[in-house]
Amino acid sequence: QVQMAQSGGGFVQAGGSLTLSCTASGLTFDDVQMAWFRHTPGKEREGIACILWSSGSTYYDGSVKGRFTASRDSTNNTLYLHMKDVRPEDTAMYYCAARNHGGIYYTGCVDVAFTYWGQGTQVTVSS
């Protein structure tokens, strides 16, 4: 079975940096896309970044472009989110997600397309 194990998160001051990680197991990585989403209560879940595993092609939401970087380590099937210059509005529960895309692509990171989800980790940014 597929498992998505997240780590990282915590408290950080505005302007600081933080790195999240997500290790996937049980996936067939022939056609994998992985992504980071974030959610706060009462607000819409937001796609932050998504990456095609084979090519490394990455999409970033405009709210984080230039500040957050998604990267992958194919040796251990781990996805990272490197967050810098964080802002209080970055406070959210962050979720890792994965799917076997089968050649089906979307514009941006579409949450309903992703099949497997991590447990989430809280990031809180203080001003």
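Coordinates for the structure precede this section.
A brief structural summary. All values derive from a computational prediction rather than experimental measurement. (Residues numbered from 1 in each chain as written. Predicted model: local features only at pLDDT ≥ 70, side-chain atom pairs only at ≥ 80, totals over all residues. Heavy atoms only, no water.)

1. Some words on the environment of Gln 119
Mapped onto the elements of the fold, Gln 119 is located in the loop between strand E10 (116–117) and strand E11 (121–126). For the pair Gln 119 and Tyr 94, spaced 25 residues apart in the sequence, the C-alpha separation amounts to 8.9 Å. In this structure Gln 119 touches Met 4, Ala 5, Gln 6 and Tyr 95, once residues within four positions along its chain are discounted. A polar contact is formed between the side chain of Gln 119 and the backbone oxygen of Gln 6, at a distance of 3.0 Å. (Helix = DSSP H or I, 4+ residues; strand = E, 2+ residues; numbered from the N terminus. Contact = heavy atoms within 4.5 Å. Polar contact = N/O pair within 3.5 Å; in protein donor to acceptor, adjacent residues only side chain to side chain.)

2. Considering the pattern of salt bridges
Evaluation of the coordinates by the stated rule reveals 4 salt bridges. A salt bridge links Arg 38 to Asp 90, with the shortest nitrogen-to-oxygen separation between them at 2.9 Å. In this pair, Arg 38 sits in strand E4 (residues 32–39) while Asp 90 sits in the loop between strand E8 (78–83) and strand E9 (92–100), placing the two residues 52 residues apart along the sequence. Summarising the burial analysis for this pair, Arg 38 and Asp 90 share the class buried. Salt-bridge contacts for Arg 45 lead to Asp 111; the nearest nitrogen and oxygen are separated by 3.3 Å. Here the residue Arg 45 occupies a position in the loop between E4 and strand E5 (46–52), and Asp 111 occupies one in the loop between E9 and E10, the gap between them amounting to 66 residues. By relative accessible area, which is 34% here, Arg 45 ends up partly exposed. Assessed through its relative accessible area of 22%, Asp 111 is described here as partly exposed. Bridged by salt links that share partners, the residues Arg 38, Glu 46, Arg 67 and Asp 90 form one connected network. (Salt bridge = Lys/Arg side-chain N within 4 Å of Asp/Glu carboxyl O. Buried < 20%, exposed > 50% of the residue type's maximum accessible area, 1.4 Å probe, protein only.)

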